[in-house]
Amino acid sequence: GGCGGEGGRAEFSVIQEISIKGTVQFTPCSSNLTSSSEPLLEKVAALLLARPCLRVRVEGHTDNAPNWGVTNIELSEERAQSVIDFLVGCGVPQERLHPLGFGEALPYVSNSSRDGKTKNRRVEFHVLQHETVQGMREFVARSRENGLINFRPPAA
């Protein structure tokens, strides 16, 4: 139990992006997480463990630079999977995590500068779950107060 509709509110599907203070980083051209990423991912794991109903799509995104021997789609998929492997290692059930690699298809900003490329190499966490409206609102408010995580609705 615990995942049903507490209170008689109709449920709806909340799809929100969890934006973390900091960036999940990998060693260049690989899907190996850097040690600086681990504390961030431990926070994400704690969040997911605190909300056993949440399912999350883990998206990998790259810049538009070519790589040796691997496409950006493959690299982004491997990076999403690396993040999931880490979260599973923290105790989050694998079936709640869905990897998706977009490669360079969805740049956050233009790839024309080095800074832009850096911003485009990213991992995003999107919440996919039926939650009561009230339950989600309270949870978001609590998370904001704790300063752990900023929630923002996905761009239309």
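Regular strands place their side chains on alternate faces of the sheet. Note that strand β2 (residues 55-61) and strand β3 (residues 97-103) share six bridges and pair parallel. Looking at β3, one finds that histidine 61 is bridged to glycine 103. Chirality of the crossover, the property in question, places the unit of β2, helix α2 (residues 72-89) and β3 among those that are right-handed.

Bringing the packing of helix α1 (residues 37-50) against α2 into the picture now. Following both chains from N to C, one finds α1 and α2 inclined at 60°, their axes separated by 9 Å at the closest point. Here α1 and α2 pass one another in a crossing that is right-handed. In this structure, α1 uses Glu38, Leu41, Glu42, Val44, Ala45 and Leu48 to contact α2, whose residues at the interface are Val83, Phe86 and Leu87. The class makeup of the residues in the contact of α1 with α2 is seven nonpolar, no polar and two charged.

Quick look at the pattern of salt bridges now. In total, this model carries four salt bridges according to the counting rule given. Taking the shortest distance from any N to any O, the salt bridge between aspartate 63 and arginine 121 comes out at 2.7 Å. Placement of aspartate 63 in the loop between β2 and α2 and of arginine 121 in the loop between α3 (114-120) and β4 (122-132) is noted, with a sequence separation of 58 residues between them. A residue is classified by how much of its surface remains accessible, and aspartate 63, at 7% relative accessible area, is buried.

Between its first and last C-alpha atoms α2 spans 25 Å; for 18 residues at 1.5 Å apiece the expected length is 26 Å, and the two agree. Three or more residues of α2 are buried, namely Asn72, Leu75, Ser76, Arg79, Ala80, Ser82, Val83, Ile84, Phe86 and Leu87. Just downstream of α2 lies glycine 91, where phi reads positive at about 105°.

If you check the backbone angles, cysteine 29 has positive phi at about 55° while not being a glycine. Along the chain, cysteine 29 falls in the loop between β1 (11-20) and α1.

A word on the environment of isoleucine 73. When you line up the elements, isoleucine 73 lands in helix α2. Looking at isoleucine 73, the relative accessible area reads 39%, which means it is partly exposed. Residues isoleucine 73 and glycine 101, 28 residues apart in the sequence, show an inter-C-alpha distance of 5.7 Å. Residues within four places of isoleucine 73 in sequence aside, it is in contact with Gly101, Phe102 and Gly103.

Calculation rules
Residues numbered from 1 in each chain as written. Predicted model: local features only at pLDDT ≥ 70, side-chain atom pairs only at ≥ 80, totals over all residues. Heavy atoms only, no water. Pairing = 2+ DSSP bridges. Helix = DSSP H or I, 4+ residues; strand = E, 2+ residues; numbered from the N terminus. Right-handed = clockwise from strand over helix to strand, strands pointing away. Axes fitted to C-alpha atoms, helices over the stretch in contact; angles between N-to-C directions. Left-handed = near helix turned anticlockwise from the far one by under 90°. Contact = heavy atoms within 4.5 Å. Nonpolar A, V, L, I, M, F, W, Y, C, P; charged D, E, K, R; others polar. Salt bridge = Lys/Arg side-chain N within 4 Å of Asp/Glu carboxyl O. Buried < 20%, exposed > 50% of the residue type's maximum accessible area, 1.4 Å probe, protein only. Expected span 1.5 Å × (residues − 1).

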